[in-house]
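Read off the chains here:
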Amino acid sequence: VFGFTESNDPDIIKLAKPNQMDASIERTLAGDVLSPRSNPNDESLVMSEPEPRIAAAHHLRVIYQLTSLTSQLTDKQELLKSVMEMVFREFKPERGFIVLTKQGDPDQPKPAVVKYRTAPASEDDAKIHVPRTILQHVLKKSEGVLSSNAMNDPRFAAGDSVQRMHVRSAICAPIGFRGTTFGAIYIDSTLANYTFTAEQLALMNAVGQHAGLALANAEGYARRLRTERLAAVGETVASLSHSIKNI
């Protein structure tokens, strides 16, 4: 099967209503590591986690890669694509996407990057159904969420891929900086293949924070460029005006 592993289709992400898709939140974690808000659930369905020292070294390596990545790129699209590539290397999900909010409005998320580990067999298989409640929770409360979800609307069963009917383990984390939520990053995988852990949720929150900082820097860089261009235009106009008056 030949297909694409990335997509720029704005309709590729479908937000499913509660009566279309069950979503159970197993754990939440504040997107800001300095915030005391978190609601851990000790009965979460997670795989055995690696030895703490090994996990700490792994997380430090990921953060180092993020710092290096986000300090070099100023183009938003290239930055987000690079972040998603790194997420796929480290978390090994089946699908993932990054959405950005329009002027900070959590009710209007727009897909910026969409990626698949294996190319979808058809256009219909490429659609990613996501519980609206999960994405809205992350965007409005700025909390990362570890959840499992499954389709429960019979309309999705007819002619749909069997794979889509599986219960999926998912992580969704906010992308934000200093109280501003720019968007969210989402990954998922079928439970039969891979179950995400609470440690990975914490790491994804860190990814979201670094991406948020990089986006804030990119916006600041763009503002500085605009200011410098306006200053250059002003100087040019003043110079021309002076020359014309002399003539």
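On a predicted model such as this, the values are computed, not experimentally measured, just so you know.

Undergrad: I tried to follow the packing of aromatic side chains on my own but got confused; where do I start?
TA: Where two aromatic rings form a pair, the distance of their centres and the angle of their planes describe that pair. On inspection of all chains with the given rule, the structure shows one aromatic pair. The ring centre of Phe88 lies 5.5 Å from the NZ or CZ of Lys115, which sits over that ring.

Undergrad: Honestly, unusual backbone geometry in this entry has me stumped. Any pointers?
TA: Glycine aside, residues mostly have negative phi angles, and peptide bonds mostly take the trans form. Positive phi, close to 55°, is recorded for Lys92, a residue that is not glycine. Positionally, Lys92 belongs in the loop between helix 2 (76–91) and strand 5 (95–102).

Undergrad: Before we go on, may I ask you to explain the pattern of salt bridges in this structure?
TA: Pairs can form between side chains of opposite charge once their charged atoms are near each other. All told, the structure shown has four salt bridges when counted by the stated rule. Residues Lys115 and Glu85 are paired through a salt bridge, measuring 3.4 Å at the closest nitrogen-oxygen approach. In this pair, Lys115 is assigned in strand 6 (residues 105–116) and Glu85 in helix 2, connecting sequence segments 30 residues apart. The class of Lys115 is buried, set by a relative accessible area of 11%. Owing to a relative accessible area of 31%, Glu85 belongs among the partly exposed residues under this scheme.

Undergrad: Could you clarify how one ought to interpret the nonpolar core in this entry?
TA: One broad trend across soluble globular proteins is that nonpolar side chains are buried collectively. Ranked by size, the top nonpolar core spans 30 residues in total, and within it Val87, Ile185 and Met204 carry the most contacts. Those elements that provide at least two residues to this core are helix 1 (52–72), helix 2, strand 6, strand 9 (168–177), strand 10 (180–190) and helix 5 (198–246). Counting 18 residues, the second largest nonpolar core, distinct from the first, contains Val114, Ile134, Val138 and Leu139.

Criteria and thresholds
- Residues numbered from 1 in each chain as written.
- Predicted model: local features only at pLDDT ≥ 70, side-chain atom pairs only at ≥ 80, totals over all residues.
- Heavy atoms only, no water.
- Phe/Tyr/Trp six-rings, centres within 6.5 Å; stacked < 30°, edge-to-face > 60°.
- Lys NZ or Arg CZ within 6 Å of the ring centre and 35° of its normal.
- Helix = DSSP H or I, 4+ residues; strand = E, 2+ residues; numbered from the N terminus.
- Salt bridge = Lys/Arg side-chain N within 4 Å of Asp/Glu carboxyl O.
- Buried < 20%, exposed > 50% of the residue type's maximum accessible area, 1.4 Å probe, protein only.
- Core = buried A, V, L, I, M, F, W, Y, C linked by side-chain atoms within 4.5 Å.

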